[in-house]
Protein chains: 2
Amino acid sequence: MGNKKRITIKDIANELNISPAAVSKAMHNDSRISEKTKQAVKRVAKELDYQPNHLASALRKGKSNLVGVIVPKTNSNFFSSVIESMETVLNKAGYSIIITQSNESFEKECKSIDTLLFTQVDGIIASMANETVDLSHYEKIKSKGIPLVLFDRGENDLNVDYVGINDYDSSQIIVKHLVEKGCKRIAHIGGFRRTRIFNNRIKGYVDALIKHNLPIDDSLIIESSLTLEDGRREMEHLLKLENRPDAVYVASDYAALGALQVLNENNINVPDSVRLIGFGNEPFTSLVSPSITSVAQHSTEIGRIAAETFLKHVSNDVLKQSLNKIILDAELIVRDSSN
Amino acid sequence: MGNKKRITIKDIANELNISPAAVSKAMHNDSRISEKTKQAVKRVAKELDYQPNHLASALRKGKSNLVGVIVPKTNSNFFSSVIESMETVLNKAGYSIIITQSNESFEKECKSIDTLLFTQVDGIIASMANETVDLSHYEKIKSKGIPLVLFDRGENDLNVDYVGINDYDSSQIIVKHLVEKGCKRIAHIGGFRRTRIFNNRIKGYVDALIKHNLPIDDSLIIESSLTLEDGRREMEHLLKLENRPDAVYVASDYAALGALQVLNENNINVPDSVRLIGFGNEPFTSLVSPSITSVAQHSTEIGRIAAETFLKHVSNDVLKQSLNKIILDAELIVRDSSN
DNA sequence: TATATTTGCTTAATCGATTAAGCAAATATA
DNA sequence: TATATTTGCTTAATCGATTAAGCAAATATA
């Protein structure tokens, strides 16, 4: 019912007795169209409430002005704020974004990519799912010549643009902080080594222990998916060790929260008996008791830079692009759980 | 460089010496195309790695198979899980979704709608921003004949399909629970009355007080944006009252968390001195101490039903649609903060 | 055997916007 | 005054896929 006939440039053309081509040019301020005609076109367009058909222009121009964004989950403050920042930059440049969540599933990630390619996005900005090991679906994007920018969870082998923080250094800063607080047995509940960022955090942690002349104890290094439940389970596991750690560095705030719950439930004083540090600076880290020391990841910056990197790609697509790997310094936000 | 020429149905047609029309029909299993041709077309399509140009078919069919979703913020578990559930249903029906966040801003919400209309979405599923009072931008969607479904934060005046929970009843259940625990002075930190769901929560609260023969005290009814900071501020305000409340029902978990922080900081025992109840059942409610009693909103159900409602719309668009208002019963999840 | 129907395609138009090519009128330059 | 340039448009093709209309060959029916 309410489905009124769409207004097209043809309607405007008829109204003014000019050609549709002239209307199109007038709308785009072509210098070869007179001011008088331009104003008339714009007036009529407004009167008729003309909305350009994006599909038609996208088809003709071979450009959809859509950017696909793939994140593992939107319900973390980090990703939500990265997206917000990307959107600001991309909207300004005339792009809209399509957000999809992989839910940390490899299969869902592949589907997301298919959907985005099918929708003819002009580029994809992605952060990889935890499960992802096989990278062939990302190769597919590259082979189609569609700009791909990874952020946070990226992969070196892919040889694509990347924006993230310095995970190795972050671990070094964390260990240094804990050592200064007098900790001698620092455990690490990390992610899987197959994911580059988690591997880097583990390497940074190990190298920092060596630097501070602390022994490397394999029983204190744990790999997991870093969910809250993983944090609980691994913390319980650590508490059962003969020689308990006096500090735990967890590579995700969610897992750190799980660990904190277990510590609280066992009446183990944090930070006096065990110091705890998370990663990601999710808002809840400052809300729980004790508040959790964590690493701020500059989400706004990451979003902005990832978007700008994409824009660079499309602006001079003729040039063979030089690879952009942008690594930002992270910042340790010290709170009660380690102080 | 890697930008290979796109494969079109024309390429497949040339390869097989048939017309592009035949290829198109073969791909869609048209009964008038022979099995032999169909198989040949599909084989060549695979060989050439053909990907249909979605823009072209969308333009021709006047249907983009995209659904726009507008949420105030993605970084809440409620919205993220609603979206996930919608996506599942819509993907199955051949639709992709475009997510945009309004960040609770009226201006951003208008922009989101413009972007979605410009992208030629086939429908919009939205939850309104806190700031939104003027509804003309939603009228615009309706006037274009594009299906609109609201969820959670909707508006009666708009006369569109809606999916949400029973806010009035939720308040009744909450008050009943608190009364049973012996509370006599129950405060309510609510949202703004202009938003229907918050108005209903206030009405439910007031009517429940009357039902249990408790006096209505206007100083115990507060309207705010329900951010964490609002929760803190309003709790501090309540603590300064001569006659303090013995229970606080907060219409959002975030604000409830703020309130809890203030109570903890002031060494006021929760639940013994003040009982606290939130709304939304965000994961952190079970993570803080004491854990916060809250209302589960059936996010998965809401997402599924909203998506199905949209699908109903597009399936029989000829029929004058009857309005669907679906109100689900909410569930009180009792935790330490009120028990 | 003659006509009707079905099968398997092709032809051509279409969805709206864009753009290369071109043309006539107006204006500038020699 | 004769030619060159600029201005302001129009014409027609195009982006790919879809679909109504139609046609010839194959098959079915009378």
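Residues numbered from 1 in each chain as written. Chains lettered and ligands numbered in written order. Predicted model: local features only at pLDDT ≥ 70, side-chain atom pairs only at ≥ 80, totals over all residues. Heavy atoms only, no water.

## Comments concerning the protein's contact with DNA strand D
(1) Moving on: Among the 25 residues in the neighbourhood of DNA strand D, the closest are listed as A:S19, A:R32, B:I9, B:Y50 and B:R60.
(2) Moving on: If you look at DNA strand D and keep only atoms within 4 Å of the protein, 49% of those are sugar or phosphate atoms.
(3) Moving on: A:K25 is positioned such that a nitrogen or oxygen atom in its side chain is 2.8 Å from a base oxygen of DNA strand D.
(4) Moving on: In the environment of DNA strand D, a phosphate oxygen lies 2.9 Å from a nitrogen or oxygen atom belonging to the side chain of B:S24.
(5) Moving on: Listing elements by their share of the surface near DNA strand D, those giving two or more residues are α2 (20–27) and α4 (54–61) of chain A together with α2 (20–27) and α4 (54–61) of chain B.
(6) Moving on: Of the residues that constitute the surface near DNA strand D, the class distribution is ten nonpolar, nine polar and six charged. (Near = heavy atom within 4 Å. Polar contact = N/O pair within 3.5 Å; in protein donor to acceptor, adjacent residues only side chain to side chain. Helix = DSSP H or I, 4+ residues; strand = E, 2+ residues; numbered from the N terminus. Nonpolar A, V, L, I, M, F, W, Y, C, P; charged D, E, K, R; others polar.)

## With respect to the packing of helix α1 (residues 9–16) of chain B against helix α3 (residues 35–47) of chain B
All names here are of chain B.
(1) Moving on: Running from amino to carboxyl end, α1 crosses α3 at an angle of 120°, the nearest separation of the two axes being 10 Å. Relative to α3, the element α1 lies oblique. The way α1 lies across α3 gives a crossing that is right-handed. For the pair α1 and α3, the contacting residues are I12, E15 and L16 in the first and A40, V41, R43, V44 and A45 in the second.
(2) Moving on: A class-by-class count of the residues in the contact of α1 with α3 yields six nonpolar, no polar and two charged. (Axes fitted to C-alpha atoms, helices over the stretch in contact; angles between N-to-C directions. Parallel < 35°, antiparallel > 145°, perpendicular 65-115°, else oblique. Left-handed = near helix turned anticlockwise from the far one by under 90°. Contact = heavy atoms within 4.5 Å.)

## A look at the pattern of salt bridges
Pairing is possible between side chains that carry opposite charge, provided their charged atoms lie close to one another.
(1) Moving on: Overall, the coordinates contain 32 salt bridges over all chains when judged by the stated rule.
(2) Moving on: With its nearest N and O atoms 3.4 Å apart, the salt bridge here joins A:K108 to B:E87. Here A:K108 is found in helix α6 (residues 106–118), whereas its partner B:E87 is found in helix α5 (residues 77–92) on a different chain.
(3) Moving on: For A:K108, a relative accessible area of 18% gives the class buried.
(4) Moving on: Assessed through its relative accessible area of 5%, B:E87 is described here as buried. (Salt bridge = Lys/Arg side-chain N within 4 Å of Asp/Glu carboxyl O. Buried < 20%, exposed > 50% of the residue type's maximum accessible area, 1.4 Å probe, protein only.)

## What to know about the pairing of strand β4 (residues 148–151) of chain A
Residue and element names in this part refer to chain A.
(1) Moving on: Taking every second residue as pointing to the same face, both faces of β4 are buried, with L148 and L150 on one and V149 and F151 on the other.
(2) Moving on: Where strand β3 (residues 123–126) meets β4, three bridges bridge the pair, whose relative direction is parallel. Its bridge partner being in β4, I125 is matched across the sheet by V149.
(3) Moving on: At this point the chain moves from β3, through helix α7 (residues 136–143), to the parallel β4, and the crossover so formed is right-handed.
(4) Moving on: As judged from the three bridges shared by β4 and strand β5 (residues 161–165), these two strands associate in the parallel manner. Along β5, the bridge assignment pairs V149 with D161. (Pairing = 2+ DSSP bridges. Right-handed = clockwise from strand over helix to strand, strands pointing away.)

## With respect to the packing of helix α8 (residues 167–180) of chain A against helix α9 (residues 196–211) of chain A
Relative orientation and spacing of two packed helices are given, respectively, by the angle between their axes and the distance between those axes.
All names here are of chain A.
(1) Moving on: The contact between α8 and α9 brings their axes to 7 Å, and the two run at 40°. Between α8 and α9, the angle is such that the two are oblique. In the crossing of α8 with α9, the sense of the turn from one axis to the other is right-handed. Two secondary-structure elements touch here, α8 through D167, Y168, S171, Q172 and V175 and α9 through I197, N200, R201, K203, G204, Y205, D207, A208, L209 and K211.
(2) Moving on: Residues belonging to the contact of α8 with α9 are distributed by class as follows: six nonpolar, four polar and five charged.

## Points about the relation of the copies chain B and chain A
(1) Moving on: At an RMSD of 0.1 Å, chain B and chain A line up after a rotation of 180° and a shift of 0.0 Å along the axis. Both copies of the chain, as the preceding transformation shows, are related through a two-fold rotation axis. Relative to the rotation axis, the closest C-alpha in chain B is found at B:N75, a distance of 2.0 Å.
(2) Moving on: The overlap is high: 100% of the interface residues of chain B also sit at the interface in chain A, so the same surface is used on both sides. (Least-squares fit on C-alpha atoms with pLDDT ≥ 70 in both.)

## Observations concerning the protein's contact with DNA strand C
(1) Moving on: In the region of DNA strand C, 24 residues are neighbours, and A:I9, A:Y50, A:R60, B:S19 and B:S34 sit closest.
(2) Moving on: Counted by atom, the contact set of DNA strand C within 4 Å of the protein is 49% sugar and phosphate.
(3) Moving on: Measuring from a base nitrogen of DNA strand C, one finds a backbone N or O atom of A:A56 at 3.1 Å.
(4) Moving on: Contact between DNA strand C and B:K25: a base oxygen at 2.8 Å from a side-chain N or O atom of the residue.
(5) Moving on: Taken together, the residues of the surface near DNA strand C sort by class into nine nonpolar, nine polar and six charged.

## Comments concerning the interface of chain B and chain A
By convention, interface size is frequently given as the accessible area that disappears when the constituent parts associate.
(1) Moving on: Contact with chain B, which involves 49 residues of that partner, is made by 49 residues of chain A.
(2) Moving on: Together, the buried faces of chain B and chain A total about 4,400 Å²; carbon and sulfur atoms form 53% of this surface.
(3) Moving on: The largest per-residue losses of area from chain B upon contact with chain A belong to B:L55, B:Q120 and B:L287, which jointly make up 14% of the total buried on that side.
(4) Moving on: Counting across the interface, chain B meets chain A through six salt bridges. (Buried area = accessible area lost by both parts, 1.4 Å probe.)

## Describing the sheet that holds strand β8 (residues 247–250) of chain B
Through backbone hydrogen bonds, the strands of a sheet pair up, either in parallel or in antiparallel fashion.
Residue and element names in this part refer to chain B.
(1) Moving on: If you walk across this open sheet you meet the four strands as β7-β6-β8-β9, and the pairing is parallel. Whereas interior strands pair on both sides, the edge strands pair on one side only; in this sheet they are β7 (221–223) and β9 (275–277). With direction set aside, neighbouring strand axes in the sheet form an average angle of 15°.
(2) Moving on: Direction of pairing for strand β6 (residues 186–190) relative to β7: parallel, over a ladder of three bridges. Bridged to G190 within β7 is E223.
(3) Moving on: The strands touched by helix α11 (residues 253–265) are β8 and β9; relative to β9, the strand with the most contacts, the crossing angle is about 160°.

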